[in-house]
Amino acid sequence: MLANLSESDLRLLRVFAKVVEAGGFSAAQIELNVSQSTISTHMTQLEHRLGVRLCQRGRSGFSVTEKGRLIYQASLRLFAAIEEFRSEAGAARGCLVGNLTVGIVDNLINNPACRLHDAITSFNSGAPEVQIAVQVASPTEIERSVLEGRFDLGFGACGRHSPYLTYDDLFEERQVLYCGRGHPLFERSAEVSVSDLKGQQFARRAYTAPNKMPAGVRLSSTAVADLMESVAVFILSGRYIGFLPAHFAQQWVIQDAMRPLLEPTLGYQNPIYLVLRKTEQRRPILAAFLDELQRAHRAIAVPEQGKKPRKAAE
């Protein structure tokens, strides 16, 4: 077991964390930009330093051992503590230094109500030394990553709220049901009734999403998608119907490759949340970025009369 922690140990722990998050050596080599043999050597070195088996690898596949998961969780806490020190040390000398990782759902920036880019502009002007990472993920992955500390904050349409996270309404996204050219409902899309939806193939989302289908309408969910772009692929095939953000689908509507179905009846406003850990200490970098978000999205700083930010149940 290592008696002291060196810079090389930290590098090995970061490699191990990437391997765990990627789910194996082969997937991690793309992000780490090193060969599988190099990753294997790093893991062997780390296991020797720690005196424990971190993961199983071989023909049977990759898996993290129980002790490996404990080391992974401890590593995340260590990385967070180092980052907090860097941030506070920078604040002590009058500047912000460190990293900030933001998780967003795909195609969010197409929404005119999303002002994340404005917040980044203002934040970078005042804190040019902070390295900002923006990662696209599914709503479920965003919540998980914020909980585990891999994302500092997230933006998403989260269907199942965790009691360990806070959810503030940031803005809304209009969701509409669409079909693509070649679909049986395409040519008569303006005349479609609810009963016409029965038996249609539906591209459902892999994560929890609002069920806006009328009672009694049964759809055949033979396609599963974890991102909006995936849903669009199924709709454009002409074989499926599915919900998409109106601002995202507009490009295909203009081309007459997609048409909305029953928008006045089935269309709905889906809130986009700002997701944070309840136990977040709001280190200087995060606090400064949240200030810029509040300025960019006035709905947070100055809510509409009678409307309060939506929180997870205690």
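Located above this text is the structure these notes cover.
Residues numbered from 1 in each chain as written. Predicted model: local features only at pLDDT ≥ 70, side-chain atom pairs only at ≥ 80, totals over all residues. Heavy atoms only, no water.

### Let's talk about the overall build of the protein chain
Then, in step 1: The helix and strand tally for the protein chain stands at eleven helices and eleven strands.
Then, in step 2: By the burial criterion, 43% of the 314 residues in the protein chain qualify as buried.
Then, in step 3: A sequence separation of at least 24 residues applies to 69% of the contacts in the protein chain between residues at least 6 apart.
Then, in step 4: Accessible area of the protein chain: about 16400 Å², with a carbon and sulfur share of 49%. (Helix = DSSP H or I, 4+ residues; strand = E, 2+ residues; numbered from the N terminus. Buried < 20%, exposed > 50% of the residue type's maximum accessible area, 1.4 Å probe, protein only. Contact = heavy atoms within 4.5 Å. Areas by Shrake-Rupley, 256 points an atom, 1.4 Å probe, with all protein chains shown as cover.)

### Re the packing of helix α1 (residues 7-22) against helix α3 (residues 36-50)
Then, in step 1: Two numbers describe how α1 lies on α3: the axes approach to 9 Å, and their chain directions differ by 120°. It follows that α1 is oblique to α3 by the angle criterion. Relative to α3, the crossing made by α1 is left-handed. On the side of α1, the interface is formed by Asp9, Leu12, Leu13, Val15, Phe16 and Val19, while α3 contributes Ile39, His42, Met43, Gln45, Leu46 and Arg49. (Axes fitted to C-alpha atoms, helices over the stretch in contact; angles between N-to-C directions. Parallel < 35°, antiparallel > 145°, perpendicular 65-115°, else oblique. Left-handed = near helix turned anticlockwise from the far one by under 90°.)

### Some points on the layout of surface pockets
Then, in step 1: If you add up the space inside the largest pocket, you get close to 1300 Å³.
Then, in step 2: Along the walls of the largest pocket sit 39 residues, with Phe79, Thr101, Gly149, Arg150 and Phe151 positioned nearest its centre.
Then, in step 3: Elements represented by at least two residues in the lining of the largest pocket include exactly α1, α2 (25-32), α4 (66-92), β3 (98-104), β4 (130-136) and α6 (139-148).
Then, in step 4: No other element matches α4, which puts ten residues into the lining of the largest pocket.
Then, in step 5: Of the residues that constitute the lining of the largest pocket, the class distribution is 15 nonpolar, nine polar and 15 charged. (1 Å grid on protein atoms, 1.4 Å probe; cavity = no way out; pocket = protein on both sides within 12 Å on 5 of 7 lines; lining within 4 Å. Points joined across faces, edges and corners; volume = space filled by probe spheres on them. Nonpolar A, V, L, I, M, F, W, Y, C, P; charged D, E, K, R; others polar.)

### Observations concerning the pattern of salt bridges
Then, in step 1: For the structure on display, the rule yields 13 salt bridges.
Then, in step 2: Arginine 49 is the partner of aspartate 9 in a salt bridge, and the nearest nitrogen-oxygen pair spans 2.7 Å. One end of the pair, aspartate 9, is in helix α1; the other, arginine 49, is in helix α3, with 40 residues separating them in the sequence.
Then, in step 3: On the accessibility criterion, arginine 49 (29% relative accessible area) is partly exposed.
Then, in step 4: In this structure, glutamate 148 and arginine 150 form a salt bridge, with 3.0 Å as the shortest nitrogen-oxygen distance.
Then, in step 5: Overall, glutamate 148 belongs to the partly exposed group, its relative accessible area being 27%. (Salt bridge = Lys/Arg side-chain N within 4 Å of Asp/Glu carboxyl O.)

### Some points on the side chain of threonine 101
Then, in step 1: Within the fold, threonine 101 resides in strand β3.
Then, in step 2: Not counting chain neighbours up to four residues away, the residues in contact with threonine 101 comprise Ala133, Gln135, Arg150, Phe151, Asp152 and Leu153.

### Focus: helix α7 (residues 228-236)
Then, in step 1: Of the residues making up α7, those classed as buried are Met228, Val231, Ala232 and Ile235. Seen from one end, α7 has its buried residues packed into an arc of 100°, which puts them on one side. Across from the buried face of α7, at angles greater than 90 degrees, the exposed residues are Glu229 and Val233.
Then, in step 2: Looking at the buried positions of α7, the neighbouring elements they touch are β6 (165-180), β7 (201-205), β8 (220-225), β9 (241-245), α8 (246-254) and β10 (258-261).
Then, in step 3: Glycine 238 sits one or two residues past α7 and shows a positive phi near 80°. (Arc of directions from axis to C-beta.)

### Comments concerning the nonpolar core
Then, in step 1: Membership of the largest hydrophobic core comes to 34 residues, with the highest contact counts inside it found for Leu100, Leu108, Leu153, Phe155, Phe289 and Leu293.
Then, in step 2: Broken down by secondary-structure element, the contributors of at least two residues to this core are β3, α5 (116-126), α6, β5 (153-156), β6, β11 (268-277) and α10 (284-296).
Then, in step 3: Not counting the four nearest positions on each side in its chain, phenylalanine 289 is found in contact with Leu100, Val102, Leu116, Ala119, Ile120, Phe123 and Leu153.
Then, in step 4: Among the nonpolar cores identified, the runner-up in size contains 20 residues, and Leu13, Val15, Tyr72 and Phe79 belong to it. (Core = buried A, V, L, I, M, F, W, Y, C linked by side-chain atoms within 4.5 Å.)

### Re the packing of aromatic side chains
Then, in step 1: Applying the stated criterion to the full structure yields seven aromatic pairs.
Then, in step 2: Summarising the aromatic geometry, the rings of phenylalanine 25 and phenylalanine 62 are spaced 5.8 Å apart at their centres and angled 50° between planes, so their arrangement reads as tilted. Separated by 37 residues along the polypeptide, phenylalanine 25 in helix α2 and phenylalanine 62 in the loop between β1 (55-56) and β2 (63-64) bring together distant segments of the chain.
Then, in step 3: With relative accessibility at 8%, the residue phenylalanine 25 sits in the buried group.
Then, in step 4: Seen from their ring centres, phenylalanine 123 and phenylalanine 289 are 5.3 Å apart, and the 90° between their planes marks the pair as edge-to-face. Of the two residues, phenylalanine 123 sits in helix α5 while phenylalanine 289 sits in helix α10, which places them 166 residues apart along the sequence.
Then, in step 5: Owing to a relative accessible area of 3%, phenylalanine 123 belongs among the buried residues under this scheme.
Then, in step 6: Relative accessible area serves as the criterion here: at 0%, phenylalanine 289 is assigned to the buried category.
Then, in step 7: Taken together, Phe202, Phe243 and Tyr268 form an aromatic cluster joined through their ring pairs.
Then, in step 8: Sitting above the plane of the phenylalanine 79 ring, arginine 14 keeps its charged end 4.3 Å from the centroid. (Phe/Tyr/Trp six-rings, centres within 6.5 Å; stacked < 30°, edge-to-face > 60°. Lys NZ or Arg CZ within 6 Å of the ring centre and 35° of its normal.)

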